[in-house]
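Coordinates in review
Here is how the chains run, residue by residue.
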2 protein chains.
Amino acid sequence: MIALDDLDRAILRALVEDASQSAGALGRALGLSQPACWRRIRRLEEAGVIAGRRLDLDQAALGFGVTVFLGIKLATRGRVSLEDFERAVTAIPEVQVVQHVLGRFDYRLRVTARDIADFERVLRRRVMTLPGVGQVEANVLLSEERRPGPLG
Amino acid sequence: MIALDDLDRAILRALVEDASQSAGALGRALGLSQPACWRRIRRLEEAGVIAGRRLDLDQAALGFGVTVFLGIKLATRGRVSLEDFERAVTAIPEVQVVQHVLGRFDYRLRVTARDIADFERVLRRRVMTLPGVGQVEANVLLSEERRPGPLG
DNA sequence: TAATATTATGAAAAATTCATGCAGATTGAT
DNA sequence: ATCAATCTGCATGAATTTTTCATAATATTA
């Protein structure tokens, strides 16, 4: 496993927050030259610590004002039902994230809807009637905050 | 609300997947010139559709092989206890995401640990003894897949 | 300790990419 | 038909990313 020093952690923390800043600006903020900062970033990419750079969308600005987390317990637990379920879930466009988990639920979904009524009226039913689904539990997102994680 | 055409949606889909590609390369893939593609991206930023660009870390490569979702039900529901809880949660470095939700739980946390034993031994206790915490339910992440969402 | 790798650094330059100005094409309204 | 608005591609300057190179720390080994 790659060894990180304080500068590496500071770089990761800064870019997780905002990956649009240049290596020059970030380096200046940390007391590094532009190439030094850039090379550290490349090293972190090559080590696999950096998995990629992603655009963060504002779902509300896209007209999807509601985000809901769904905990799903399958009724039948065979491998076949897992595959059936995953394939069917993929066909629902409102599904943003599919998480296979261990615990009281088998899957967790992050879905978006235009509003609560839209979620209750169409999306909820659509999920409940997926193949193999037993229990479904919904949690509506009120606010979300990302933390730097163990790097800080 | 801003109107998106097929090209806008294609651009968003591509950049959510990989925000490191240049406007020139992406434009070429979509049959657009570099300035045309770049201007569309800027327009989406100004419309607020693009919330930002973030680095995506590989927690496993950082030595945190286990991700756990925690559903938390507070025992006392006053505003004071919410603030107390949030402040205390912020002090736990392993907490990656704090979500305030509506439903059977009041909060959902995404936390990382070196391994299951580490989670059970230290992190779980730490969360259960946060101020105001009633029930805690854990789900261990097995696999996670992001979908394009309603844009696709 | 001295010699030798190893690694990280900054300055400078090359290669890309970003960002803007401009002129032409398309669309829709008056 | 004319005008305004919007989008496009081309050309271009500004900024950033990568590479090259010489040097300074840091550790390894003799």
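Residues numbered from 1 in each chain as written. Chains lettered and ligands numbered in written order. Predicted model: local features only at pLDDT ≥ 70, side-chain atom pairs only at ≥ 80, totals over all residues. Heavy atoms only, no water.

Identification of chain A as AsnC family transcriptional regulator from Pseudothioclava arenosa is taken from an unreviewed UniProt entry.

1. Section: the protein's contact with DNA strand D
The cut-off we apply is this: Any residue with at least one heavy atom within 4 Å of a molecule or strand is counted as near it. Polar contact is defined as a pair of N or O atoms within 3.5 Å, subject to the rule that within protein one atom must be able to donate a hydrogen and the other to accept it, and that residues adjacent in sequence are counted only when both atoms are side-chain atoms. The numbering of helices and of strands both runs from the N terminus, where a helix is a DSSP run of H or I of at least 4 residues and a strand a run of E of at least 2.
In the vicinity of DNA strand D there are 13 residues, among which Gln34 and Trp38 of chain A together with Ser33, Arg39 and Arg40 of chain B approach most closely. Sugar and phosphate atoms constitute 59% of the interface atoms of DNA strand D, taking the interface as everything within 4 Å of the protein. One nitrogen or oxygen atom from the side chain of tryptophan 38 of chain A is found 2.8 Å from a phosphate oxygen belonging to DNA strand D. Arginine 42 of chain A is positioned such that a nitrogen or oxygen atom in its side chain is 2.9 Å from a phosphate oxygen of DNA strand D. Of all the secondary structure elements, the ones that give two or more residues to the surface near DNA strand D are α3 (34–46) of chain A together with α3 (34–46) of chain B.

2. Brief notes about the packing of aromatic side chains
Residues and elements named next belong to chain B. Going by this rule: Two aromatic rings, drawn from Phe, Tyr or Trp (for Trp, its six-membered ring), form a pair once their centres lie within 6.5 Å of each other, and the interplanar angle then sorts them: stacked below 30 degrees, edge-to-face above 60, tilted otherwise. To sort residues, take the accessible area from a 1.4 Å probe on protein chains only and compare it with the maximum for the residue type: under 20% means buried, over 50% means exposed, and anything in between is partly exposed. Note on criteria: charge over ring means Lys NZ or Arg CZ within 6 Å of the ring centre, with the direction from the centre no more than 35 degrees off the ring normal.
Evaluated as defined, the whole model comprises 2 aromatic pairs over all chains. Between phenylalanine 85 and tyrosine 107, the ring centres sit 4.6 Å apart and the planes meet at 40°, which makes this aromatic pair tilted. Here phenylalanine 85, found in helix α4 (residues 79–90), pairs with tyrosine 107, found in strand β4 (residues 107–113); they are 22 residues apart in sequence, far enough to count as distant. Among the residues examined, tyrosine 107 registers a relative accessible area of 0% and is labelled buried. Here the guanidinium or amino end of arginine 114 rests over the ring plane of phenylalanine 64, the centre of that ring lying 4.4 Å away.

3. Some thoughts on the relation of the copies chain A and chain B
Stated precisely, the cut-off is as follows: Alignment of the copies relies on least squares applied to C-alpha atoms, considering only residues that score at least 70 for pLDDT in both.
Relative to chain B, chain A is turned by 180° and slid 0.0 Å along the rotation axis, the superposed coordinates differing by an RMSD of 0.1 Å. Here the symmetry operator amounts to a two-fold rotation axis. Across chain A, the smallest distance between a C-alpha and the rotation axis is recorded for arginine 54 of chain A, namely 2.7 Å.

4. Side note on the interface of chain A and chain B
Heads up, the condition is: Here, residues are in contact when the closest pair of their heavy atoms is within 4.5 Å. Note on definitions: buried area is the accessible-area loss of two parts on being combined, 1.4 Å probe, summed for both. Within this document, salt bridges are pairs made up of a side-chain nitrogen of Lys or Arg and a carboxyl oxygen of Asp or Glu, the two lying within 4 Å of each other.
The partner chain B presents 56 residues to the 56 residues of chain A that form the contact. The junction of chain A with chain B conceals about 5400 Å² of combined surface from both sides, 57% of it contributed by carbon and sulfur atoms. Applying the counting criterion to the chain A and chain B interface returns 4 salt bridges. The salt bridge partner of glutamate 137 of chain B is arginine 104 of chain A, with a shortest N-O separation of 2.7 Å.

5. Observations regarding the pairing of strand β5 (residues 133–146) of chain A
What counts, and what does not: One requirement defines pairing of two strands: DSSP has to find at least two bridges between them.
Pairing analysis gives 7 bridges linking strand β2 (residues 66–74) of chain A to β5 of chain A, with the strands arranged antiparallel. In the sheet register, leucine 74 of chain A faces β5 of chain A, and the bridge partner there is valine 133 of chain A. Alignment of β5 of chain A against strand β3 (residues 95–103) of chain B, held across 7 bridges, turns out to be antiparallel. Counterpart to glutamate 145 of chain A in the pairing with β3 of chain B is valine 98 of chain B.

6. So, helix α5 (residues 116–128) of chain A
Residues separated by three or four positions in an α-helix point in the same direction, a consequence of the helix having 3.6 residues per turn. Residues and elements named next belong to chain A. The criterion, for reference: The bend reported for a residue corresponds to the angle between axes fitted to the seven residues ending at that residue and the seven starting there.
The largest bend along α5 measures about 30° and falls at valine 122. If you check which residues of α5 are buried, you get Asp118, Phe119, Leu123 and Val127. Where α5 is buried, its residues contact β2, β4 (107–113) and β5. With a side-chain oxygen lying 3.2 Å from the backbone nitrogen of alanine 117, the N-terminal cap of α5 falls on aspartate 115.

7. Let's talk about the pattern of salt bridges
If you walk through the whole model with that rule in mind, you get 26 salt bridges over all chains. A salt bridge links glutamate 120 of chain A to arginine 124 of chain A; its shortest N-O distance comes to 2.7 Å. Of the two residues, glutamate 120 of chain A and arginine 124 of chain A are both situated in helix α5; the distance of 4 residues between them amounts to about one turn of the helix. For glutamate 120 of chain A, a relative accessible area of 36% translates into the label partly exposed. With a shortest N-O distance of 2.9 Å, aspartate 6 of chain B and arginine 9 of chain B are connected by a salt bridge. Linking aspartate 6 of chain B with arginine 9 of chain B, this pair stays in helix α1 (residues 6–17), spanning 3 residues, or about one helical turn. For aspartate 6 of chain B, a relative accessible area of 59% translates into the label exposed. Taking relative accessible area as the criterion, arginine 9 of chain B reaches 24% and is therefore assigned partly exposed. Where salt bridges share partners, they join Asp5, Asp8, Arg40 and Arg43 of chain A into one cluster.

8. Focus on the sheet that holds β3 of chain B
Selection rule: Between the N-to-C directions of two axes lies an angle of 0 to 180 degrees, each axis being a line fitted to C-alpha atoms and, for a helix, fitted only over the stretch in contact.
With respect to topology, 8 strands assemble into a closed barrel ordered β2(A)-β4(A)-β3(A)-β5(B)-β2(B)-β4(B)-β3(B)-β5(A), the strand pairing being antiparallel. Averaged over neighbouring strand pairs, the angle between their axes works out to 35° when direction is ignored.

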